[in-house]
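# Examining the three-dimensional arrangement
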Amino acid sequence: TSGIYRRPNDLDYINYVGNEAAQAALGGGDPKQSLAIMHRMPQLRLPNKAFRNRGDLTFADVGAEWGLAQTGFSTGAAYVDLDNDGALDLVVNDINGPARIYRNRGAERTGNGWLTVQLDGAGANPAGIGAKVYVTAGGQTQLVEQMPTRGFQSSVDPRLHLGVGRATRADSVVVIWPDRRFQTIRDVPLNRTLVVAQSDATGRWDYSAARAATSSPPLFADATASAGFEFRHIENGSLDTDREPLMPHLLSAEGPALAVGDVNGDGLDDVFVGGGKWQTSRLFIQSSDGRFVSRDDELFAADSIDEDVDAVFFDADGDGDLDLYVVTAGNEFWGDAAQLRDRLYLNDGRGTFRKAPGDALPRITENGGCVAPGDFDGDGDVDLFVGSRVVSRSYGLTPPSHLLRNDGRGRFTDVTAQVAPGLERIGMVSDCVWLEGAPGTLPELVLVGEWMAVRLFSMHENQLVDRTDASGLAGTEGWWTSVTAADLNGDGREDLVLGNLGLNAYLKASDGRPVRMHVHDFGGTGVQKQILEFYKGDTSYPIAGRDDIVRLIPSLRSRYPDYASFGASTVAEIFPQQELRAAVTLTARTFASAVALRTADGRFALKPLPIEAQFAPIYASLAADFDGDGRIDILLGGNQHGVPPMLGRYDASHGLLLRGDGDGEFTPIDARQSGIVIEGQIRGLAHVRHAGGRAVVIARNNDEVRLLRAQRRVVARGAVRDR
């Protein structure tokens, strides 16, 4: 229901009632003056809403279609089958208006069946408050609970109502009473009222036995404590939104970095975890008993001022062991600050590292986003692509990314301008991966990022050229946060798992109604400003409100002296066309996390992941045969807490395991079966060859690193390569 008769949260009214004269009048005790002030509070008649459940965890707005969208000030509402036809009617109460009764004609129009259960409780609870009713009909089981209180000052029909579609009989009706007595009624005719009396219940419901009968050990169990893995990432609390208040989310909390590899050649994987600013990064060496011991703390402590956001083990100097490259960022330092230089550590073959000489890497000072090792030129040594995430103090402008050629001895040269000029200003890169082709072919580079399409580059005549359009990835601009390469459907070609903002956010984007951002020194104050706009209905409006905009652009205050004057102004009405033409404009057309399946002609087809994977941004993914059925599954993690109140923080993910069918389709596995329940902001997932079997390490921002060990067989199948 649309609710409140007057709007106490109207910003102009709040300003008015907060001034000294209004406060003095309210404090004077004169009821006429108080009433006059209250009448300054505006009214807005709004339509009531109705949402139809599509059955896939999404809802359609059908208020107008169902005849319920009348405007007014409705408060209480109750549903009740007034005419006993099996369809729930509605009674709606309005302030200063007549009550409304809406007759439901759904049953006669759709032909769907129904069952009404009337509970006859015992003693002082005749309505059976708290009872549970399970109805199995048409191959589905529904649960309803007897809790008739609903919403604001409303109580609904105490008879329980269930829709049963085209079923004609219910296989069973199970009623569990509050005292745990229960009864089962079988082969129940439908389209009628079933009266169930508590006095007829003879069984005793055992919840623990019922759970045990339907449960089995989960795929994963937490092994953090038993493995002695003790590391808690500490975010330093720098808020880049203090400098750039119109950013849609923080970029100062992208860590920790996570890298996994066998650095001492004992057949067991070791783990590097990057620290936040002023936190020492840690290298954990795995012992034969599966426990992890920190090593080289003093080496990494020397660079603790750096904020590490990505890392990778690879053989930099061609000596057969794994060296370590660490990407730094934090969106706090800027310019030529030494704290923005990435670091290379060389391995002595026994798992002891030293920092590479200063000339091993070119002097690059960027807020890094990712690093991907790959032999792009086919000369037998491992080169690097290093993607840059953001320009400090200028969110939305494009930082330079870098292609680094390895001389085979661990010294790298920036060859971006000569070999891959299209990469230099490719965008705000968040993740990257090299795709391995057929034997004898050179790898292809896939990049994802914020306000970017999924981009693909491949070698042609000694140049790394953009083949995004030819690969079918044009028009995929989004807020992409992660990419993983894996053969998801067993056809021998590497596909992509792509993390994005998701579909559970305030902002929505599509081809016809994209989200846009304009970056420019609007108002000429000497500071870059980010003006985001998004569609509501058929019109695109700025996300920022009047206060945010006039605070940064004081010259607009005279044009918009109050909130009513700012009202429903569009970006084109607020800012001069000359400034908008001079601005850098970025676009997002899709926020759905997806898989991209590669076809025989080399093109990719994007398919959104299931709705359960769209609840929050995905920052990390793993692909493997987690359930041992010979097909590739996907493990996902994410969340982002650093979001302005207007947009609301994204924290609805608890980790998710998707079961693959071998053809590129995925379905969610219940957390009770998977054992995946991971709170917080996941920033990295990686496989670990553990002494106790296969395991997964989980890196979380400003939280503890966790280790999950597989309790059943976990098989990596096909081409699977993850960060």
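Read on for an overview of the structure. In this text the structure is predicted, and so the values were computed from the model without any measurement.

Scanning the protein from terminus to terminus reveals 12 helices and 51 strands. In terms of C-alpha radius of gyration, the protein reaches 30 Å, essentially the compact-globule figure of 27 Å for 723 residues. A burial count over the protein gives 51% of its 723 residues as buried. Taking the intrachain contacts of the protein between residues at least 6 apart in sequence as the baseline, contacts between residues at least 24 apart amount to 57%. Of the accessible surface of the protein, which amounts to about 31900 Å², a share of 50% is contributed by carbon and sulfur atoms. Once the 73 positive and 96 negative side-chain charges of the protein are each reduced to a mean point, those two points are 7 Å apart.

A word on the side chain of D633. Its location among the elements puts D633 in strand β45 (residues 633–638). Buried D633, no salt bridge; nearest opposite-charge side chain is R659, N-O distance 5.3 Å. A polar contact is formed between the side chain of D633 and the backbone nitrogen of G660, at a distance of 2.8 Å. If we skip the residues at most four places from it in the chain, D633 touches L622, A623, A624, D625, F626, D627, L657, L658, R659, G660 and F666.

A separate point is the pattern of salt bridges. Taken as a whole and judged by the stated rule, the model has 37 salt bridges. One salt bridge connects R100 with D94, and the closest N-O pair in it is separated by 2.9 Å. Here R100 and D94 have matching classes, each one buried.

Here we take up the sheet that holds strand β22 (residues 292–295). Read from one edge to the other, the open sheet built from 4 strands follows the order β19-β20-β21-β22, with strand pairing classed as antiparallel. In this open sheet, the two edge strands, each paired with only one partner strand, are β19 (258–261) and β22. Sheet twist, expressed as the mean angle between neighbouring strand axes with direction ignored, is 25 degrees. One ladder, built from 4 bridges, connects strand β21 (residues 282–286) with β22; its direction is antiparallel. Of the residues in β22, the one forming a bridge with F284 is S294.

Here is what the cut-offs are and how they apply
- Residues numbered from 1 in each chain as written.
- Predicted model: local features only at pLDDT ≥ 70, side-chain atom pairs only at ≥ 80, totals over all residues.
- Heavy atoms only, no water.
- Helix = DSSP H or I, 4+ residues; strand = E, 2+ residues; numbered from the N terminus.
- Rg over C-alpha atoms; globule rule 2.2 N^0.38 Å.
- Buried < 20%, exposed > 50% of the residue type's maximum accessible area, 1.4 Å probe, protein only.
- Contact = heavy atoms within 4.5 Å.
- Areas by Shrake-Rupley, 256 points an atom, 1.4 Å probe, with all protein chains shown as cover.
- Lys, Arg positive; Asp, Glu negative; His and termini not counted.
- Charge placed at Lys NZ, Arg CZ, Asp CG, Glu CD.
- Salt bridge = Lys/Arg side-chain N within 4 Å of Asp/Glu carboxyl O.
- Polar contact = N/O pair within 3.5 Å; in protein donor to acceptor, adjacent residues only side chain to side chain.
- Pairing = 2+ DSSP bridges.
- Axes fitted to C-alpha atoms, helices over the stretch in contact; angles between N-to-C directions.

Purely spatial values, then, with no claim about function.
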